[in-house]
4 protein chains.
Amino acid sequence: MFFASDNSGPVHPRVMAALARANEGYAMPYGADAIMDAVRAQIREIFEAPEAAVYLVATGTAANSLALATLAQPYQTIFCTPEAHINQDECNAPEFYTGGAKLTLVPSQAGRMTPETLRARIAGEESRGVHGPQRGPVSITNVTELGTVYAVDEIAALAGVARDFGLPVHLDGARFANAVAATGATPAEMTWKAGVEALSFGGTKNGLMGVEAVVLFDPARAWEFELRRKRGAHLFSKHRYLSAQMLAYLEDGLWLELAAAANAANARLAHGLNRGGAVRYLYDPAANMSFAAFPRAAHQRLHEAGAQYYVWEGSLEGDDPDEPLTARMVCDWSAADEAIDRFTDIVQG
Amino acid sequence: MFFASDNSGPVHPRVMAALARANEGYAMPYGADAIMDAVRAQIREIFEAPEAAVYLVATGTAANSLALATLAQPYQTIFCTPEAHINQDECNAPEFYTGGAKLTLVPSQAGRMTPETLRARIAGEESRGVHGPQRGPVSITNVTELGTVYAVDEIAALAGVARDFGLPVHLDGARFANAVAATGATPAEMTWKAGVEALSFGGTKNGLMGVEAVVLFDPARAWEFELRRKRGAHLFSKHRYLSAQMLAYLEDGLWLELAAAANAANARLAHGLNRGGAVRYLYDPAANMSFAAFPRAAHQRLHEAGAQYYVWEGSLEGDDPDEPLTARMVCDWSAADEAIDRFTDIVQG
Amino acid sequence: MFFASDNSGPVHPRVMAALARANEGYAMPYGADAIMDAVRAQIREIFEAPEAAVYLVATGTAANSLALATLAQPYQTIFCTPEAHINQDECNAPEFYTGGAKLTLVPSQAGRMTPETLRARIAGEESRGVHGPQRGPVSITNVTELGTVYAVDEIAALAGVARDFGLPVHLDGARFANAVAATGATPAEMTWKAGVEALSFGGTKNGLMGVEAVVLFDPARAWEFELRRKRGAHLFSKHRYLSAQMLAYLEDGLWLELAAAANAANARLAHGLNRGGAVRYLYDPAANMSFAAFPRAAHQRLHEAGAQYYVWEGSLEGDDPDEPLTARMVCDWSAADEAIDRFTDIVQG
Amino acid sequence: MFFASDNSGPVHPRVMAALARANEGYAMPYGADAIMDAVRAQIREIFEAPEAAVYLVATGTAANSLALATLAQPYQTIFCTPEAHINQDECNAPEFYTGGAKLTLVPSQAGRMTPETLRARIAGEESRGVHGPQRGPVSITNVTELGTVYAVDEIAALAGVARDFGLPVHLDGARFANAVAATGATPAEMTWKAGVEALSFGGTKNGLMGVEAVVLFDPARAWEFELRRKRGAHLFSKHRYLSAQMLAYLEDGLWLELAAAANAANARLAHGLNRGGAVRYLYDPAANMSFAAFPRAAHQRLHEAGAQYYVWEGSLEGDDPDEPLTARMVCDWSAADEAIDRFTDIVQG
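Because the structure is a prediction, the values reported are computed rather than measured. (Residues numbered from 1 in each chain as written. Chains lettered and ligands numbered in written order. Predicted model: local features only at pLDDT ≥ 70, side-chain atom pairs only at ≥ 80, totals over all residues. Heavy atoms only, no water.)

Colleague: I would appreciate a short explanation of the UniProt feature "domain: Aromatic amino acid beta-eliminating lyase/threonine aldolase" (unreviewed entry) in chain A in the present structure.
Modeller: UniProt records the feature "domain: Aromatic amino acid beta-eliminating lyase/threonine aldolase" (unreviewed entry) for residues 3–275 of chain A in the present numbering. What you have in residues 3–275 of chain A is 45% helix and 14% strand, and the ends, taken at the C-alpha atoms, are 19 Å apart. (UniProt positions renumbered as here; feature names shortened; annotations may be inferred. Helix = DSSP H or I, 4+ residues; strand = E, 2+ residues; numbered from the N terminus.)

Colleague: Hey, could you run me through the interface of chain B and chain C in this one?
Modeller: When the parts of a complex come together, some accessible area is lost, and that lost area is often used as the size of the interface. Taken together, the contacts link 17 residues of chain B with 17 residues of chain C. Interface area, chain B with chain C, both sides summed: about 1600 Å², of which 69% is carbon and sulfur. On the surface where chain B and chain C come into contact, there are 0 salt bridges. In this structure, the connection of chain B to chain C is made through 2 residue pairs in polar contact (both at pLDDT 80 or more). By residue number, the principal contributor to the side of chain B that touches chain C is helix H10 (residues 222–231) of chain B, which donates 7 residues. (Contact = heavy atoms within 4.5 Å. Buried area = accessible area lost by both parts, 1.4 Å probe. Salt bridge = Lys/Arg side-chain N within 4 Å of Asp/Glu carboxyl O. Polar contact = N/O pair within 3.5 Å; in protein donor to acceptor, adjacent residues only side chain to side chain.)

Colleague: How should I be thinking about the sheet that holds strand S4 (residues 134–141) of chain A in this particular structure?
Modeller: Strand pairing in a sheet is mediated by backbone hydrogen bonds. Such pairs are either parallel or antiparallel. Residues and elements named next belong to chain A. An order of S1-S7-S6-S5-S4-S2-S3 is seen for the 7 strands of this open sheet, with the pairing classed as mixed. Edge positions in the sheet fall to strand S1 (53–57) and strand S3 (102–105), since each of these pairs with one other strand and no more. With strand direction ignored, the average angle separating the axes of adjacent strands in the sheet is 25°. Pairing between strand S2 (residues 76–80) and S3: 4 bridges, direction parallel. Bridge pairing in S3 links Phe79 to Thr104. (Pairing = 2+ DSSP bridges. Axes fitted to C-alpha atoms, helices over the stretch in contact; angles between N-to-C directions.)

Colleague: Where do I start with helix H7 (residues 152–164) of chain D in this structure?
Modeller: Working note: α-helix, 3.6 residues per turn, so residues spaced by three or four point in the same direction. Residues and elements named next belong to chain D. For H7, with 13 residues, the first-to-last C-alpha span of 18 Å sits near the 18 Å given by 1.5 Å per residue. Buried residues along H7 sit in contact with helix H6 (115–124), strand S4 (134–141), strand S5 (169–173) and helix H9 (187–190). Phi for Gly166, located one or two positions after H7, is positive at around 75°. (Expected span 1.5 Å × (residues − 1).)

Colleague: Help me understand the interface of chain A and chain B in this model?
Modeller: Each partner contributes to the interface: chain A provides 48 residues, whereas chain B provides 48 residues. Together, the buried faces of chain A and chain B total about 4100 Å²; carbon and sulfur atoms form 61% of this surface. Joining chain A to chain B, the criterion identifies 0 salt bridges. Inspection of the chain A/chain B interface yields 30 residue pairs in polar contact (both at pLDDT 80 or more). Grouping the amino acids of the side of chain A that touches chain B by side-chain chemistry returns 25 nonpolar, 15 polar and 8 charged. (Nonpolar A, V, L, I, M, F, W, Y, C, P; charged D, E, K, R; others polar.)

As structure tokens, this is what we get:
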């Protein structure tokens, strides 16, 4: 019963097999491997973006920080939600990689900006000429950090606001596959067709060992990205093993298959929790992550049974067994029905 | 016939098997996996350093830059050779990670500093009070970038100079295993017993997929290192796959076995090249890397046969078939005798 | 009728005279001038802080950024109000000088944090271990950017919260003199006795040409400050001219005399505006800066008469002559009664 | 007898008078003062560069660092001599302001690069693709840090090498006036006509209190420069006092008059030292700085008489009264004939 994060599950067997296949003899290092050529071609095809620049790194923080450093100047500010991973969970990596850019927090609802809140915050900057930070990129996360999902037209609306101010848009897609699976949108529709300029395309949370792609739909700054990647120590010598993971992920739609499985697992979890009346969902569990409140006693039963997930708000310790505490539960591709059902049974008591 | 670099060979089968074994169910992320506990214990034992802080990253540049950023202040200068990887091959990553420290180049012979050249360069800084950069760490590479090896007493002598000035010592051990195999020294003798404070302990060039350990013999700044690693986007969520590689590397002395194999391959290469009189070695091929000069015609024959290595100085194109051109040849653990012999046979004509 | 800022007025004649006196022959550069010895001694005496380290720079942004860079690590976050000069008006200088630290905005009332809002924001950080930014210094501004003033016990309460978390406190005292003059507190009471560790002690807005002192009550990091000042290009060769300004400022209490004059001018302005009922003060005009709302028609009359001040909210252009627009008005030491009275007469119509 | 540096002399009376004149009433802050308009116009006229962007800062290190940060990317390397002020005397300010660029040292003769040494060093970089630092700007100092002077055609030859590689050229003109006075070249000839893109135009060492202009002959990155200046905390609120100094400096050729006086003082010094045979000049004393070797006994006599200058090589203490020690002697505009003659008389014994 592991629902703490989708970053803790196993690597998919087809990915492991691809790593084994790649492990033959010598291969050109630093991204010049032949497998990377296939990765690049596949991503361009999947995204209907024949000119896109495609790079691999090993962590989501690297993907986000390097993409943003390529889009932002150090005297600018990046617009994101308070909950954004780049704000809360990267230990100032965006500030580091950009050389000291600021983050301006856009008020959010259920983890999502609205065009109105975004426009207001952007308008609020640059009222001070050279004195204040200058407006920089807008960074959106989809699936959001609260498990909600932007529809394609919502992304397009935010990107439209950015475009009104001449600002580029970055999409943190650590769970991009889950967003595509949840909405049925095409990868192109959710990115460049909606106005996204740079994408962090996650793999690690969805069955890979540790690979994320950065896709620059405008390749004008591709070489700068490569230099920043190397300078950030994120260029791998034995790059073929990143390429092999990503290629297996893309082939035969494995990335969407695994995301659909994770989303379905989360739906099963939600269904099981919703059986009784004691569980209240905070946000619509649209993808593979749920936030729900249920009584302390149920949490305590889960805890005793060894279930792993985050108690997001409240404390297991307390006198009132009926007080609702919020749980964050995340399903990865490998979440087993049996574990889900056992978890929800325990909650239902 | 691939002798271009030891960063291009395959992963050792025992490492692949360890990855497969690690790929079961869920594991705690971000270095809290159980395998990392075993890695830490093994490294402490191998290095006879029960207090050492041990961390894993995926690239050698990350290991070096993060170690140096923990040792250096941004207003300091780091002492290294002109050939140092941190100077030539990291696209300013040390400057980036330290927040703008400088590198002071210490004249070298065959890739090695001497205590005299190091002392002179250190003495030459800080003659200007607050105006000049302040003295910072000394960074030594062993095996050096030119394939030569420092003996333990040579490291101790350099570290003694650093200690005279109160400066910490970093050892770039991208090929540390090869240095240990070449000298017969113990890991402790080559590091903290000689005065080294922080070690980049390489695995990638010696049979791993992409793992380097950073060993801080003085753990006082361990937490700072962890924060800098995260901020640098080098903390892996699925960390168990780094741990599993490193544990397989350490178990049963695989790391030394592979290094010895690579060194032996290089010795065989040297022996084969030395058969005739046309080859001149630039440096004593002490470990797994050779620099040698031989006639252009031999290079052209190699090129036609598809051999891969670096022509370090000179150009394949030229009129004089007898003009000596310098080759850099590196053997990894998987270098086959047949390929070596074929290579040397071609050179001998 | 210039009330746009106290950064635009003339230099006090006694300061000009001091510059002329200092302009004799040669003087040791870079802060080794004899006048600086007198400055240091005077500041230590005025602040009852015989061990304090004292440095001069030429801009308030430099004072703040260098002080914060000495107190903060790049993986930390600095706590300040949204209105803080370091957040709004320094074009990311704090992020630059700290090497990429973040600013966490503490909700404010009339430009002031409360112990409760500060405690909540500090508590909200570091819930994520290595992933989130670490807690760093608290930066308070007094006089605040909205013209309000913290009493000594309010500063002490905020510093007490910081101390509970082991965090240092920086005081942005660009208008420190006005705050002292307004409260009657001693310089020691408003700083180290209340728990302040580093002070930006402003002079430029109060009659100097361009000098701010940084006072480090804990001198442990004084040398680091000196190196950061030089590295930031803020160490002046002809330092005596900074020293001479500051010494004239300190001698015979000129700094307090000028601040009292500016505060009195602002009180006269408030009195004049309050005569009728059309003016509504947003904040209590405790020092030398006022924010007040009055009808558009009055603004238009001022504009036609050439008055200079900021229309803080609203636009001069609009149909409704009675709609209240907010003005920011700042008095410097040289504000003339005649100009003030003319200004208020115009407002009153 | 003060010959330690030209950064320690007094401000010229005409500059002091200009400051007094500027000290009337209110003036627009942050470079919007009317005097700055006159400065900009004058510099454009003097340099025959009607499009040039012109900015003022208060220190030479700020001028150099900000100019270089505007020309260089953080993954590049800047080419300069080992003696360059940006290398030796700015405590890593260029590395700080550029966000971590490197400095590549070009071997020099008497403080000067040659086209050949520059070309070789530039050619030596970028042999490693993404791995090494990329080629960045060339920074030349004139008058050099060793008191020698580049003729206009020498600057043009260096800039020609830079142009061959597509690199911009920065001129550190902390003593630009002395170079112009020494060579008789026009300001345009020594800068943009020779291929210089950005100039640090010094005033502080030549009679100002603390002002340097940065002249960007290509104004394309002017706004970026302004943002970097503000972010570096080098934008002055009471900017008129910088403008007033610079305007006085430019008017009626004061800048050249003072430089000529300093150069003449140095020539008198050289003449006086050359009278006997005991003095050996290291470099031709072309401008206002001399390096010369003379016996220890002469140094000891100077020391006893209170003369101030740098003993550049060697130590006053030693047994041999005849051993030659090297002195660095710098004359500023205010150097008095009497002091010079007394100095040389003492040397001559």
